[in-house]
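The lines below spell out each chain.
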Amino acid sequence: MKKLRVLLVDDEIMIREGFKQLFDWQAHDCEVVGEAGDGMEALTQIDTLRPDIVIMDINIPIMNGLKVIQLSRIKHPNTAFVIVSGYDDFSYCREALRLQITDYILKPVNYEEFGTCIDNLKISLFERRVSSAAEPEKQEERAITGITRYLQEHLAEEISLSVLAEQFHLNPQYISQLFKSEIGVNFLVYLTNIRMEKAKKLLLSTALSIAEVAEQSGYGDYRVFTKVFKKSEGSTPSQYRRDFLEGDRVHEPCI
């Protein structure tokens with residue numbers, strides 16, 4: 001997998017330097033290719049550098065971050081945007097969702113959580129690439145596409161590299177290397193990501209119990225599921241569902 005190109009947008013130089021110095025971009029197969037301190041400069045840099053990922057603050061001079069994203073979407077629909085902001089405000093979050101922001105992270109940045117965000121983003125970019133692929137795939141791409149499709153279809157079952165190796169008649173180590181080379185994350189990170197996405201959909205769209213959600217997401221023990229979910233999402237499954245429902249009730253007149 002080629003390194004993903006990253007643009008940093010924040011009017012505070014120390015914030016940009018923090019991102020460059022305190023986060024291990026190389027370990028996540030990324031490279032910072034540019035910076036911008038205001039909205040107009042950000043638009044220019046996006047047009048010139050065509051980054052894969054833009055790390056964007058909202059409160060920047062000349063043009064705010066949300067407007068930059070809105071305008072950039074027209075010419076660069078495949079660019080991924082991650083908002084890093086000091087604003088914990090529902091109206092900003094709602095607008096970010098409308099603009100299909102990949103993630104919304106609050107300052108001060110927890111770089112371990114940010115690393116998880118980047119890994120999840122790589123998975124999203126891979127899935128987008130697979131769904132829109134028009135050209136014939138190489139052998140490695142066909143293999144990883146088949147494997148990831150199998151994972152999606154058998155998510156509730158016990159899955160391991162050994163199971164995949166037997167199913168696809170491949171060496172487990174080769175499959176492990178495929179995930180890293182074609183997606184940019186290891187097998188366990190990918191599996192946990194898609195299981196959490198399935199769990200979140202079930203929590204918000206069904207009345208299933210937490211134990212039932214856990215089982216359908218591939219966790220036989222709901223206690224293990226709760227622990228993994230809290231580490232991934234920052235709240236327990238019950239709290240995640242409750243926050244969503246309360247948010248809907250509180251903000252319903254505005255939508």
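For the structure, see preceding data.
This is a predicted model, so every value here is computed, not measured.

Thresholds, definitions, all that
Residues numbered from 1 in each chain as written. Predicted model: local features only at pLDDT ≥ 70, side-chain atom pairs only at ≥ 80, totals over all residues. Heavy atoms only, no water. Buried < 20%, exposed > 50% of the residue type's maximum accessible area, 1.4 Å probe, protein only. Helix = DSSP H or I, 4+ residues; strand = E, 2+ residues; numbered from the N terminus. Pairing = 2+ DSSP bridges. Right-handed = clockwise from strand over helix to strand, strands pointing away. Axes fitted to C-alpha atoms, helices over the stretch in contact; angles between N-to-C directions. Contact = heavy atoms within 4.5 Å. Salt bridge = Lys/Arg side-chain N within 4 Å of Asp/Glu carboxyl O.

*Asks:* If you had to explain the pairing of strand β3 (residues 53-56) to someone new, which residues and values would you point to?
*Replies:* Two faces, one strand: in a regular strand the side chains alternate between the faces of the sheet. Side-chain alternation along β3 places I53 and I55 on one buried face and V54 and M56 on a second face that is also buried. In this structure, strand β1 (residues 4-9) lies alongside β3, joined through four bridges in parallel fashion. Within β3, the residue paired with V9 across the bridge is M56. Where β3 and strand β4 (residues 80-85) come together, four bridges link them in parallel fashion. Of the residues in β4, the one forming a bridge with I53 is A80. With helix α3 (residues 65-75) bridging β3 and the parallel β4, this β-α-β connection has right-handed handedness.

*Asks:* Which residues make up the sheet that holds strand β2 (residues 30-36), and what values do they have?
*Replies:* Sheets are built from strands paired through backbone hydrogen bonds, the pairs being either parallel or antiparallel. Reading across from one edge, β2-β1-β3-β4-β5 is the order of the five strands in this open sheet, with parallel pairing throughout. Taken across any chain shown, the strands that pair with only one partner, and hence form the sheet edges, are β2 and β5 (103-106). Taking the axes of each pair of neighbouring strands and ignoring which way they run, one obtains an average angle of 20° across the sheet. Those strands touched by α3 are β3 and β4, and its axis lies near 175° from that of β4.

*Asks:* Requested: an account of the pattern of salt bridges, with residues and values cited.
*Replies:* This structure, assessed with the given rule, holds twelve salt bridges. Between E17 and K20 there is a salt bridge; the shortest N-O distance is 2.9 Å. You can see E17 and its partner K20 sitting in helix α1 (residues 13-22), three residues apart, about one turn around the helix. On the basis of relative accessibility, which here comes to 28%, the residue E17 falls in the partly exposed class. Exposure remark for K20: the relative accessible area of 28% places this residue in the partly exposed category. A salt bridge links K180 to D29, with the nearest nitrogen and oxygen atoms 3.8 Å apart. Of this pair, K180 sits in helix α8 (residues 172-183) while D29 sits in the loop between α1 and β2, and the two are 151 residues apart along the sequence. K180 gets classed as partly exposed once you look at its relative accessible area, which sits at 39%. Using a relative accessible area of 18% as the deciding quantity, one classes D29 as buried. Linked through salt bridges whose partners overlap, the residues forming this network are R16, E17, K20 and E35.

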